[in-house]
Each structure stands twice: as C-alpha cells, then as structure tokens.
Amino acid sequence: MVASIRAKLADPSVSKGANADDLAALQAFYEARTGAPLWVTEMGFSARGQAALFEIGKANDWGLDAAAFDLPPAGALPTTPEDQADAEIKLDLAILNYARFARGGRFNPPEISELFDQTPHVRDPKTVLSEIEAAAAPDQYLQSLHPKHDQFARLRQALLKARGAEEGAAKPAANDKDIKRLIINMERWRWMPEDLGPVYVWNNSPEFMLYVVKDGKTIYADKTLVGTIGYATPVFTAGMATVVFNPDWIAPETVVTENLLPHLRDGNYSILSVHKLSVSYNGSPVDPARVNWSRGNILSYTFLQKTGPQNVLGKAKFLFPNRHTVYMHDTLPVRKKYFKQPVRMIGHECIRMEKPQAFAAVLLAEGNGWPASKVNDSWDSSAQSTVTLDHKIPVHLTYFTAVVDDAGKLSTFADVYGLDNKMATALFGSAAGFPMPPPEPKKPEGEEASASSSPARRTASGGNDIAGSLSGFLGD
C-alpha cells in the first residue's frame, strides 16, 4: 500500500491543484516510511484516521469553511492498494490544508489590503506530518493549531452561540453579517504573533483605544486618535524601544510633499515661520528663499520644529521602529478636545493618546523599573531627553471590529477603514452587508481638520490660509 502511495504522489493527476510544499513533504514522508500507511487499513480508515476526518469536518466551528477541504468519505472501504492510496493521500492533503488555514494561511494579508503588514506563521508541512503522526489524538492535535489567544477563544464561543451550536444554546438570533464579522475577526487573530509578549501594548484602531496588558490582564487603558481613511494607521507589530521627552518634530514625507512643497514653489515661506519650521540640508541651515523648490528634490531637505509649547508632538513621543515610520505621541492642548468625540480619526498614520504622561509611567515602570517620580521629573523638565527601554515591549497595531471582554460581552466597532469589506470579499466572495465607508470630505479653507475627516490622501491643501493648511497634518 505504501508503494502505491509513493507511485500516486509521483502521478501529475494526483498533484494537480495541490500545494507544492505539501506534495514535497508527503513524498519525503512516505519515502522514509517503512511501516503501514498513516490512516488507511485494509478495513478502511483507522480510528485515528476517522478522528482526523471528523475534526476537519467540524471546521465551521473554528471559523473556517468545511467545504474548502476535499475529504474522502469517512465510511469508505477501498479494496485495492490504488484506491487505498487515493484515500490516504486525500486525507493527508486535507490535513495539511487544514493546518495551513488554522494558522492564517488562507490568504496573504497584504494582498487583501496594504494596511495589513503581517505574515501568518504557517507551520512547515513536514513538521505537521511528524507531529500528527506522533500525536496520541489527531483531532486534538488539529485543534491545537488554532490561535491560543484569549480573544480568539472568546470570539469562537461567540460564533458558536450565534449559530446555536453550543449545547443548550437558544435558537440563534444573530444575522448573517454578525456571524461573518466574527469569522473575519477570528481570521485576523490567526495573523497575530503566537506570543504577544508578557507585557505588550495593544492599539486597536476601530476602537480608538490602547491597552497595556501584563500576564493577560489589562493594567492600563487610554483613548487614542488614529489616522484618517486617507492616512490610515497600518496593522503590524514592532518593539517599543525609546521614549523621548520634549521631542523635536521632523516633518514626514507626506507633509513635506503634499503640504509644504506647493507653497514653497509659490514662494509662500510664511508657512515655515508660522509653524517655526527650520530648513536644513545635510545638517546645515538653509535659507528657503534661496532654494529653487521647483527643481530640487525636497525630500533631500529636513524640516524641523524644535521642542516647545507649540511643538505638535507635545511632551513625548514613543518609538517602535518600523518601515511605516509610525509612532505614538502626545498632541497639542488645542487638539485634546478630539478625545471627547466617539469617532477619533485625525491627521496621518501615527497614534496620539489622551494621557501620554501616564502611558510613559507604565512603559518605563515595566521596561526600566522606573518609579513614577522619575517619569514626572523628565516630563516637567523643558530639556529634551531620550530613554531607551532596557526591555523592549511589543506594540501591536490591530484592526479588530469585534472584541469580547472578560465578562463575555461582545462589543463591535465601525469598519472605519473598510477592511471588513475587503475581508468579506476574500472570505465569502461577497461584501454584501459590509459597505465601504464614505470618502473623507475636504475641510473648509483655513479650518482645522476634524477628528473624523481630513483632506483626501495625495491631495495638497489649498486656500489663502497658508498656516491653516497644515493644521490637520502637523504632528502625524
């Protein structure tokens, strides 16, 4: 029978449509195998084979689609070695496919949206085969491949309840969209790091909240402002490395090219003086009036705003190096009013928190063992200081539109960036019930960008109020 399996695996008709890595793993596994097949006996599937079959058949209970797995009939009684080999290989391929899907391998997240800067941690198929072979219970092994995060488990329970699949559950009251939203958010947890860290920062954009979690318990929470639709806060994980008190601000590329360049080309230099922006080239001061801004590369120049009461970063910034140049920071007192709004989207991709001093105290207590008094001294000082964390703290920027609290209460949040819409299309073939959010309206000339709108991406602000044209962008 094993010889028949080897021959079948070399047959192009068997390999058609199968994952290349899965086939290579199976070929290596059965070439090295000296005993009986893994699942099939002369009397059909073994008890272990039946357990694997039935578990894959319950994929819907885990937010997967059971119809996506091509399973042989559980009661099949193949009589010839060739038919037995077909049944064995079919179950093998279903197992490997299930293992990949359980760990987030249904999709490549960036192909759904460029905001998803995540790579699922899919287990090598050779490892899956060796582990399931050694497992005392193949069904339990398959279950173990799903995320271990508390939120994933809670969302799964909410899904079972919504479908009425829990024992003794009442008739399901959830509508189709509610169920799909749970599945969408379960899928996002498959893309998260397996280990979130003993202490970590969780920024959830649709919720406009940040949390510091230690040993699975929330020890700090705060309101946040996130980027607008045109400058959406991306989804990724990085390590918090540095806290800077009384920081300078360097204008990012989007502000330089979209908001500064049009005015400098027109000879309107007051936008620099009003916002106290100095210009330098390779570290040397430059007179902006002596530069031909229509020809040179403006990104070769640095536009810097020194620390002080009007600095758009406020009193502190929190750096977790990443390719998006996204960080967290304080904000100007005039913008504190936005924390009172339910929808808190303003400016570019970076994240602002309502209570940065308290956040700094928690980070430096956990990262460096600092007492609160030491943080207060740095905060109250007007001198710029940089503190490197002795122990980096993971920062998870996420997009969860469904969250279950410790009491089991499910909370849902608006799809502010339209990512549920895109995932619904990928998962279910249709975005019905998940409309894209409306485009951001342009603000009136000279009016500060509101917490729920900003000029469209890649569109420079216009109008006669030169200084006002930066109001929604500075500090992001």
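Look above for the structure.
Every value quoted in this text rests on a predicted model; they were computed, and no experiment measured them.

Enquirer: Looking at this structure, how should I read the overall build of the chain?
Expert: In terms of regular secondary structure, the chain is built from 15 helices and 16 strands. If you line up the chain on its principal axes, its C-alpha atoms span 85 × 50 × 45 Å. Evaluated residue by residue, the chain yields a buried proportion of 52% over its 476 residues. Sequence-distant contacts in the chain: of pairs separated by 6 or more residues, those separated by 24 or more amount to 69%. For the chain, the exposed surface amounts to about 21,200 Å²; the carbon and sulfur share of it is 51%. For the chain, the distance from the average site of its 49 positive side-chain charges to the average site of its 54 negative ones is 5 Å.

Enquirer: Just to check I follow, could you spell out the nonpolar core for this structure?
Expert: In terms of nonpolar packing, the biggest core is built from 79 residues, with Trp-39, Ile-56, Ile-95, Tyr-98, Leu-142, Trp-189 and Tyr-417 touching the most fellow members. It is helix 5 (residues 81-102) that provides the largest number of residues to this core, a total of 12 residues. The contact partners of Trp-39, leaving out residues within four places of it in the chain, are Gly-44, Phe-45, Ser-46, Arg-48, Gly-49, Glu-88, Leu-91, Asp-92, Ile-95, Ile-132 and Pro-138. With 30 residues, the next largest nonpolar core counts Val-201, Leu-210, Tyr-220 and Ala-360 among its residues.

Enquirer: For this particular structure, what's the right way to read the layout of surface pockets?
Expert: Picture a little ball the size of a water molecule; that probe, rolled over the atoms, points out where space is still empty. Empty space within the second largest pocket amounts to approximately 620 Å³. Taken together, 27 residues form the lining of the second largest pocket, with Gln-151, Arg-154, Tyr-200, Trp-202 and Gly-216 sitting closest to its centre. Those elements that provide at least two residues to the lining of the second largest pocket are helix 9 (150-163), strand 3 (199-204), strand 4 (209-214), strand 5 (217-225) and strand 15 (402-404). For the lining of the second largest pocket, the leading source of residues is helix 9, giving 3 residues.

Enquirer: What is the right way to look at the pairing of strand 3 in this model?
Expert: The two faces of a sheet get side chains in turn, since along a regular strand they alternate between them. Counting buried positions over the 6 residues of strand 3 gives 6, a clear majority of the element. Here strand 3 shows a buried face lined by Val-199, Val-201 and Asn-203 and a second buried face lined by Tyr-200, Trp-202 and Asn-204. Direction of pairing for strand 3 relative to strand 4: antiparallel, over a ladder of 6 bridges. Bridging from a neighbouring strand, Asn-204 pairs with Met-209 of strand 4.

Enquirer: I would appreciate a short explanation of the sheet that holds strand 4 in the present structure.
Expert: The strands that make up a sheet are held in pairs by hydrogen bonds between backbone atoms, and each pair lies either parallel or antiparallel. With respect to topology, 8 strands assemble into a closed barrel ordered 3-4-5-13-12-11-6-14, the strand pairing being mixed. Pairing between strand 3 and strand 14 (residues 385-398): 4 bridges, direction parallel. Within strand 14, the position partnered with Asn-204 by the bridge is Thr-398.

Enquirer: How should the packing of helix 13 (residues 356-368) against helix 14 (residues 372-380) be read in this particular structure?
Expert: When two helices pack together, their arrangement is captured by the angle between the axes and the distance separating the axes. Where helix 13 meets helix 14, the closest approach of the two axes is 9 Å, and the angle between their N-to-C directions is 135°. The angle between the axes of helix 13 and helix 14 places the two elements in the oblique class. Pair helix 13 / helix 14 crosses with right-handed handedness. For the pair helix 13 and helix 14, the contacting residues are Pro-356, Gln-357, Ala-360, Ala-361 and Leu-364 in the first and Val-375, Asn-376 and Trp-379 in the second. Considering only residue class, the contact of helix 13 with helix 14 consists of 6 nonpolar, 2 polar and no charged.

Calculation rules
- Residues numbered from 1 in each chain as written.
- Predicted model: local features only at pLDDT ≥ 70, side-chain atom pairs only at ≥ 80, totals over all residues.
- Heavy atoms only, no water.
- Helix = DSSP H or I, 4+ residues; strand = E, 2+ residues; numbered from the N terminus.
- Buried < 20%, exposed > 50% of the residue type's maximum accessible area, 1.4 Å probe, protein only.
- Contact = heavy atoms within 4.5 Å.
- Areas by Shrake-Rupley, 256 points an atom, 1.4 Å probe, with all protein chains shown as cover.
- Lys, Arg positive; Asp, Glu negative; His and termini not counted.
- Charge placed at Lys NZ, Arg CZ, Asp CG, Glu CD.
- Core = buried A, V, L, I, M, F, W, Y, C linked by side-chain atoms within 4.5 Å.
- 1 Å grid on protein atoms, 1.4 Å probe; cavity = no way out; pocket = protein on both sides within 12 Å on 5 of 7 lines; lining within 4 Å.
- Points joined across faces, edges and corners; volume = space filled by probe spheres on them.
- Pairing = 2+ DSSP bridges.
- Axes fitted to C-alpha atoms, helices over the stretch in contact; angles between N-to-C directions.
- Parallel < 35°, antiparallel > 145°, perpendicular 65-115°, else oblique.
- Left-handed = near helix turned anticlockwise from the far one by under 90°.
- Nonpolar A, V, L, I, M, F, W, Y, C, P; charged D, E, K, R; others polar.

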